[in-house]
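# Chain and residue survey
The residues making up each chain are set out below.
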Amino acid sequence: MIRIERRLSTPRWIIPAVTIGSLFVAFVLAGVLLLCSGHDPITTYQAMVQAGFTRHGALSATLTNATPLMLTGLCAGVAFRMRVYN
């Protein structure tokens, strides 16, 4: 029988390792989906970075479009923390 228990102490390396590992797995799975659909993953990722960050005015446009999403997530997080559900 398998029993799941909470760790008493979390090693310092595990939080960044999980974050980096999750991002790596997400990029690999998205790359597989891009390959299945007939697109080159490397070219697609390069275009995404250029369109979102490196072109003239791209960073400000990205932050402008992301601000409502970040504020909505923050508001939902506060409401869930207070156990207020609609």
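Now for a description of the structure that goes with this document. (Residues numbered from 1 in each chain as written. Predicted model: local features only at pLDDT ≥ 70, side-chain atom pairs only at ≥ 80, totals over all residues. Heavy atoms only, no water.)

### Remarks on the overall build of the protein chain
Along the backbone of the protein chain there are 3 helices and 0 strands. For the protein chain, the N- to C-terminal ordering of α and β elements is α-α-α. A compact globule built from 86 residues should have a C-alpha radius of gyration of about 12 Å, whereas the protein chain, at 19 Å, is more than 25% larger. Total accessible area computed for the protein chain in this model is approximately 8,100 Å², and 69% of it derives from carbon and sulfur atoms. (Helix = DSSP H or I, 4+ residues; strand = E, 2+ residues; numbered from the N terminus. Rg over C-alpha atoms; globule rule 2.2 N^0.38 Å. Areas by Shrake-Rupley, 256 points an atom, 1.4 Å probe, with all protein chains shown as cover.)

### Here's the deal with the pattern of salt bridges
As enumerated under the stated definition, the model contains 1 salt bridge in all. Where E5 meets R3, a salt bridge forms, and the shortest distance between an N and an O atom there is 2.3 Å. Each member of the pair E5 and R3 is classed as exposed. (Salt bridge = Lys/Arg side-chain N within 4 Å of Asp/Glu carboxyl O. Buried < 20%, exposed > 50% of the residue type's maximum accessible area, 1.4 Å probe, protein only.)

### With respect to the packing of helix α2 (residues 41-54) against helix α3 (residues 58-81)
Look at α2 against α3: their axes get within 5 Å of each other, and the N-to-C directions meet at 85 degrees. Compared by their axis directions, α2 and α3 come out roughly perpendicular. For the pair α2 and α3, the contacting residues are Q50, A51, G52, F53 and T54 in the first and A58, L59 and T62 in the second. (Axes fitted to C-alpha atoms, helices over the stretch in contact; angles between N-to-C directions. Parallel < 35°, antiparallel > 145°, perpendicular 65-115°, else oblique. Contact = heavy atoms within 4.5 Å.)

### A few points about unusual backbone geometry
For residues besides glycine, phi is generally negative; the peptide bonds are generally trans as well. The phi dihedral of R83 is positive, around 60 degrees, even though this residue is not glycine. With respect to the helices and strands, the residue R83 is situated in the segment after α3.

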